[in-house]
Amino acid sequence: MKVLFVLCCLLFSVHVQAQNLKVSGFVYDENKQLIHGARISVVGESIGVFSKEDGSYQLIVHSGKMILRCKNDGGQVDTFYFENLQKDLNHDFYLKEPVQIVEQVNVLVGKFDKPIEEQTVTMLVLKPELIENKNTRSIETALDQTPGLNILDGEPQIRGGSGFTFGVGSKVAVIVDDMPMLSGDAGRPEWGFIPVENISQVEVTKGAASVLSGSSALSGSIHIRTAYPKAKPLTKIQLYSGVYSNPSDAQMSWNQQYPGIHGLNFLHTRRLGNLDLVVGGNLNQDHGYIGPPKTDSLVATIFPDTITNFTEKDLVSKRARVNFNLRYRSQKIKGLSYGINGNFMKMHTAMPLAWLNDSTGLYRAYPGAIFLQDQFIFNVDPFIHLLTQNKGKHYLRSRLLKVDNNMSANQSNKAMTYYGDYMYQRKLTDWKQIEMVAGFTGTLTKSEANIYAGSGSPNNDILNLSMYTQLESKWNERLNLSAGGRFEYFQLNDTITATKPIFRAGSTYQIHKGTYLRASYGQGFRFPTITERYIKTGVGNFGVFPNPNLKPESSWNAEIGIKQGIKVGNVLGYLDIAGFWQEYQNTIEYMFGIWHELTSVQSMGSSAGFMFLNTGNSRVTGIDVSYAGKAQTSKKSEMTFLMGYNYIVPKTLSPNFVYAADSLNRVFTYQSTSLDPSKGILKYRFLHNVKLDVEHTWNKKYALGISAKYFSKMVNMDAIIKDFEQITVDNELLQDLKYMDYFNAHRFGNWIFDARISFNFSEQHKLALIGSNIFNRTYSLRPLKIEAPRTIMVQYTFRIEGK
């Protein structure tokens, strides 16, 4: 028996050796220059090598059917298919710049860099063309064109997963190059800080995504990927100048100065040997469309406004930002790269909270309800990446983020956030192509602000440690399976701690060519921010009060969807339809009440105001539909399109749950605090939402684009808005704060249209005319805040590529 076993082993060894074949050649770029450090691998296996300094490679493979893939750091990919390889072969790879296509075909996304159709969750990708063509000065204006995602006064909302909290405690994770971009103390996205001039793509994941995206991803995540240099050096300068139109009602105009918007974006990328260099930045000046407060004569006599008596010049926003990326690709150690990224910004801006009144004062601020902010913010991000031939990939990322907000009315705050993440990725086995991602993350935020003295001290620290892993496997080239988990630990001020394990699982199955069915389940968990627990301040007629007992909120999301490739004539695109069910526990909302005894009008700001509260459990179900693609309308013209419809049913699961009582012994429940509790609809949600963007290009010179957004009427909101309006009307010492007449007169949806037209004089010069809200519609998406009137912008782009 032993002899037989040895013979079998020898025969098997001889057989394996007989199947080993050699594939060799060179790797070139599109200019036929040799490339060093490109990775050549067999798709679905762990076999892989890197091209040498002379551009050559040699890969040992097995005979038979396989696909070879060559990929460079710049994202260029070339593949070669072998039907039945039986002998050594010479094959050269040519890496061309990837074609940017809006319809998402051949787009690689996620931490596993897989095609979007193989993702087990609903994901949508925005390419940089849409961001540039809309003259995006801050990334949220482009994101707001994404189906199923709304940016409400700076706060991201995915599928109705959150109401309105002035941007604090975001339930959507905002990530730039795999690192979070939320302020450490308030959990607020820093939109203006994101380098819009250097974005390669934006991935929007819908549904709970905390396993890989972190604790803020309660209802989804936004992952922004910046670009590294390509084979050719690139210099791009973009100048823009525009103006706000007067409101449709001339009585609402307030400005005495020219309401202009001016600025520039610049970007330079190049490779200097093995060093990749990116330098970019933005200068922006925005007059703004919200004017300074105006106090009624009687109120001004008794209570003069000494806090928000700003001038028109005070409210002009100014921003200067510069960023850099440096990456060195080691010559001595194949697959090793390291570097440092940085971003610095100084900004002056106005932050209006409520309008003056609901008639001629829509475009003015209410006294005491507007702040000025001078912000200095920077991050420095050292990193090391090691991509080995057969032992996986190692990613070590770190960040130092400092935010210093110098604000009017003693609202100043500053925070330092330290972040580190180690991630390991590798193929575990060729059997069923099992891949793994695993890692651990640590975040420490140290905050200093008198407005957070609700904890007993202006100094507060919050620590978050987590471990995560996810496995993905491909069966029979049709079925993809994924499962993962994360363990979260939080510690606030050495006293409050919380731990939580969360899980996710999903699958996709290719039913037919171009037809993918998917299903997924995921959990989310979010620990309250320092701001939500401890903010304590009062300005004018409003206050904000601490809630040290605020509990973490959690969620789970289940969905089933289908992605169908559609080709009709010259139209090619993907139709995606998903049905989802998401439930939230201990939902955190921003509620108004009389939290301390109201003894006089003068004590209003220290008695009445907002507090973050756990309001019970809720559910959001709905349908999410999107269609994206392109159409070849003639030999010299084509059309790209992105459109979507989102329908949600957001309902409370605990309408009679008592979650608070104020100093007047008023009981707080969903029923008692809702303006319209009859159908159990959650507050500040749009049940129907439509997004559309279409662009037609002729001869690669002329382009015409149209965007549209539809928001259905807001069904429910806080009843206190109506009650507080009546309080201000009844008391002559308080300035009237009116909203209900406007609300009742605008119980319908809003269609908003944008348009753009551009002309390419040459490959270097482009001129565009861009209009937002082109019909100058007067509309409001959240109580007491009017949206911007029409803006008309002229944009000039200079772009030059080197050799």
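Residues numbered from 1 in each chain as written. Predicted model: local features only at pLDDT ≥ 70, side-chain atom pairs only at ≥ 80, totals over all residues. Heavy atoms only, no water.

Colleague: So what's going on with the overall build of the chain? Residues and values would help.
Modeller: From N to C terminus, the chain includes 10 helices and 45 strands. Over its C-alpha atoms the chain spans a radius of gyration of 28 Å, differing by no more than 12% from the 28 Å that the globule rule assigns to 803 residues. Once the C-alpha set of the chain is aligned to its principal axes, its extents read approximately 100 × 65 × 50 Å. Per-residue burial over the chain gives 55% buried out of 803 residues. For the chain, contacts bridging at least 24 residues in sequence account for 67% of all contacts bridging at least 6. For the chain, the computed accessible surface area is about 34,000 Å², with 58% contributed by carbon and sulfur atoms. Once the 84 positive and 71 negative side-chain charges of the chain are each reduced to a mean point, those two points are 6 Å apart. (Helix = DSSP H or I, 4+ residues; strand = E, 2+ residues; numbered from the N terminus. Rg over C-alpha atoms; globule rule 2.2 N^0.38 Å. Buried < 20%, exposed > 50% of the residue type's maximum accessible area, 1.4 Å probe, protein only. Contact = heavy atoms within 4.5 Å. Areas by Shrake-Rupley, 256 points an atom, 1.4 Å probe, with all protein chains shown as cover. Lys, Arg positive; Asp, Glu negative; His and termini not counted. Charge placed at Lys NZ, Arg CZ, Asp CG, Glu CD.)

Colleague: Describe the sheet that holds strand 2 (residues 39–42), listing the residues and the values that go with them.
Modeller: Across the sheet, four strands lie side by side as 3-2-5-6; this open sheet has antiparallel pairing. In the strand order of this sheet, the two ends are held by strand 3 (48–50) and strand 6 (77–85), each with one partner. Each strand of the sheet is rotated relative to its neighbour by a mean of 15°, with strand direction disregarded. One ladder, built from three bridges, connects strand 2 with strand 3; its direction is antiparallel. Looking at the pairing, I40 lines up with V49 of strand 3. (Pairing = 2+ DSSP bridges. Axes fitted to C-alpha atoms, helices over the stretch in contact; angles between N-to-C directions.)

Colleague: Give a description of the nonpolar core that names residues and reports values.
Modeller: Core analysis: the largest hydrophobic core is formed by 45 residues, its most contacted members being Y739 and I786. Counting 31 residues, the second-largest nonpolar core is a separate cluster that includes L130, I194, A628 and L642. (Core = buried A, V, L, I, M, F, W, Y, C linked by side-chain atoms within 4.5 Å.)

Colleague: Requested: an account of the pattern of salt bridges, with residues and values cited.
Modeller: The full count for this structure, using the stated rule, is 33 salt bridges. A salt bridge links D178 to R397; the nearest nitrogen and oxygen atoms lie 3.3 Å apart. On the criterion of sequence distance, the pair formed by D178 in the loop between strand 14 (172–176) and strand 15 (179–180) and R397 in strand 24 (residues 393–407) is long-range, its members being 219 residues apart. Put simply, R329 and D276 hold a salt bridge, and the shortest N to O gap is 2.9 Å. Here R329, found in strand 21 (residues 317–329), pairs with D276, found in strand 20 (residues 275–286); they are 53 residues apart in sequence, far enough to count as distant. Neither residue differs from the other here; R329 and D276 are each classed as buried. (Salt bridge = Lys/Arg side-chain N within 4 Å of Asp/Glu carboxyl O.)

Colleague: Report on the packing of aromatic side chains, specifying residues and quantitative values.
Modeller: Applying the stated criterion across every chain yields a total of 30 aromatic pairs. Here the aromatic rings of Y328 and Y338 are separated by 5.7 Å at their centres, their planes lie at 50°, and the arrangement is tilted. Of the two residues, Y328 is situated in strand 21 and Y338 in strand 22 (residues 336–352); the sequence distance between them amounts to 10 residues. On the basis of relative accessibility, which here comes to 29%, the residue Y328 falls in the partly exposed class. Taking the centre distance of 4.8 Å and the plane angle of 15° together, the rings of Y590 and F610 count as stacked. Residue Y590 is found in strand 35 (residues 588–594), and its partner F610 is found in strand 36 (residues 608–614); the two are separated by 20 residues along the sequence. In this structure, R327 packs its charged tip against the face of Y228, placed 3.9 Å from the ring centre. Here the guanidinium or amino end of K563 rests over the ring plane of Y574, the centre of that ring lying 5.6 Å away. (Phe/Tyr/Trp six-rings, centres within 6.5 Å; stacked < 30°, edge-to-face > 60°. Lys NZ or Arg CZ within 6 Å of the ring centre and 35° of its normal.)

Colleague: How would you sum up the pairing of strand 19 (residues 260–272)? Please name residues and give values.
Modeller: Side chains on a regular strand alternate between the two faces of the sheet. Both strand 18 (residues 234–244) and strand 19 contribute to a ladder of 10 bridges, which runs antiparallel. Bridge pairing links K236 to L267 in strand 19. Two successive antiparallel strands, strand 19 and strand 20, enclose a turn made up of two residues, where G273 displays a positive phi of approximately 65°.

Colleague: Tell me about unusual backbone geometry, and name the residues and values.
Modeller: The phi dihedral of N776 is positive, around 55°, even though this residue is not glycine. With respect to the helices and strands, N776 occurs in the loop between strand 44 (765–772) and strand 45 (791–801). Despite not being glycine, L784 shows a phi value in the positive range, around 70°. For L784, the position within the fold is in the loop between strand 44 and strand 45. Look at L784 and you get buried, because its relative accessible area is 14%.

Colleague: Give me the side chain of R685: which residues, what numbers.
Modeller: Counting through the fold element by element, R685 comes out in the loop between helix 8 (670–673) and strand 41 (688–698). Look at R685: it is buried, it has no salt bridge, and the nearest opposite charge is E589 at 4.6 Å. Of note is the side chain of R685, whose polar atom sits 3.0 Å from the backbone oxygen of G160. In terms of polar contacts, R685 uses its side chain to reach the backbone carbonyl oxygen of S162, at 3.4 Å. Setting aside residues up to four positions removed in sequence, R685 forms contacts with G160, G161, S162, G163, I648, P650, K713, M714 and V715. (Polar contact = N/O pair within 3.5 Å; in protein donor to acceptor, adjacent residues only side chain to side chain.)

Colleague: Account for helix 9 (residues 720–730), with residues named and values stated.
Modeller: Looking only at helix 9, the buried set comprises I720, I721, F724, E725 and T728. Looking down the long axis of helix 9, one finds its buried residues gathered within 140° of arc, a one-sided arrangement. (Arc of directions from axis to C-beta.)

Colleague: Can you lay out the pairing of strand 21 for me, pointing to particular residues and giving the numbers?
Modeller: Burial along strand 21 is one-sided: S317, R319, R321, N323, N325, R327 and R329 are buried, and none of K318, A320, V322, F324, L326 and Y328, which face the opposite way, are. Sheet analysis places strand 20 next to strand 21, joined by 12 bridges and oriented antiparallel. If you follow L275 over to strand 21, its bridge partner there is Y328. Bridge count for strand 21 against strand 22 is 12 bridges, and the pairing is antiparallel. Opposite R319, over in strand 22, you have M347 as the bridge partner.

Colleague: How would you sum up the sheet that holds strand 11 (residues 122–126)? Please name residues and give values.
Modeller: The strand order across the open sheet built from five strands is 11-16-17-14-15, with neighbouring strands paired in mixed fashion. Both outer strands of the open sheet, strand 11 and strand 15, are each paired with one neighbouring strand and no more. Where strand 14 lies against strand 15, two bridges are found, and the strand directions are antiparallel. What sits directly across from I175, in strand 15, is P180.

Colleague: Talk me through a nonpolar patch on the surface; I want residue IDs and the actual numbers.
Modeller: A surface patch of nonpolar side chains, about 810 Å² in accessible area, is lined by W698, Y702, L704, I757, F761, L767, L769, I792 and V794. Where the nonpolar patch is concerned, the elements lending two or more residues are strand 42 (702–711), strand 44 and strand 45. For L704, the location among the structural elements is in strand 42. (Patch = residues over 30% accessible without salt bridge, like charges linked within 9 Å, V, L, I, M, F, W, Y side chains within 5 Å.)

Colleague: I'd like a description of the side chain of R504, backed by residues and values.
Modeller: Looking at the element boundaries, R504 is found in strand 29 (residues 496–512). In this structure the side chain of R504 is engaged in a polar contact, spanning 2.9 Å, whose partner is the side chain of T120. At a separation of 2.9 Å, a polar atom in the side chain of R504 contacts the side chain of S482. Among residues more than four places away in sequence, those in contact with R504 are T120, V121, V211, Q470, S482, A483, G484, S520, Y521 and G522.

Colleague: How would you sum up the confidence of the model for the chain? Please name residues and give values.
Modeller: Here the chain shows a mean pLDDT of 87. Residues at 70 or above account for 92%. Low pLDDT (under 50) marks residues 98–106, which in the prediction has 26 contacts with non-local residues, meaning those over four places away or in another chain. (pLDDT = per-residue confidence, 0-100.)

Colleague: Lay out the environment of L264 in plain terms, naming residues and giving numbers.
Modeller: The residue L264 is located in strand 19 in this model. Of the residues examined, L264 reaches a relative accessible area of 23% and is grouped as partly exposed. Taking C-alpha positions, L264 is 46 Å from L481, a pair spaced 217 residues apart along the chain. When residues no more than four places from it in sequence are discounted, the contact partners of L264 are Q238, L239, Y240, G281, N282 and L283.

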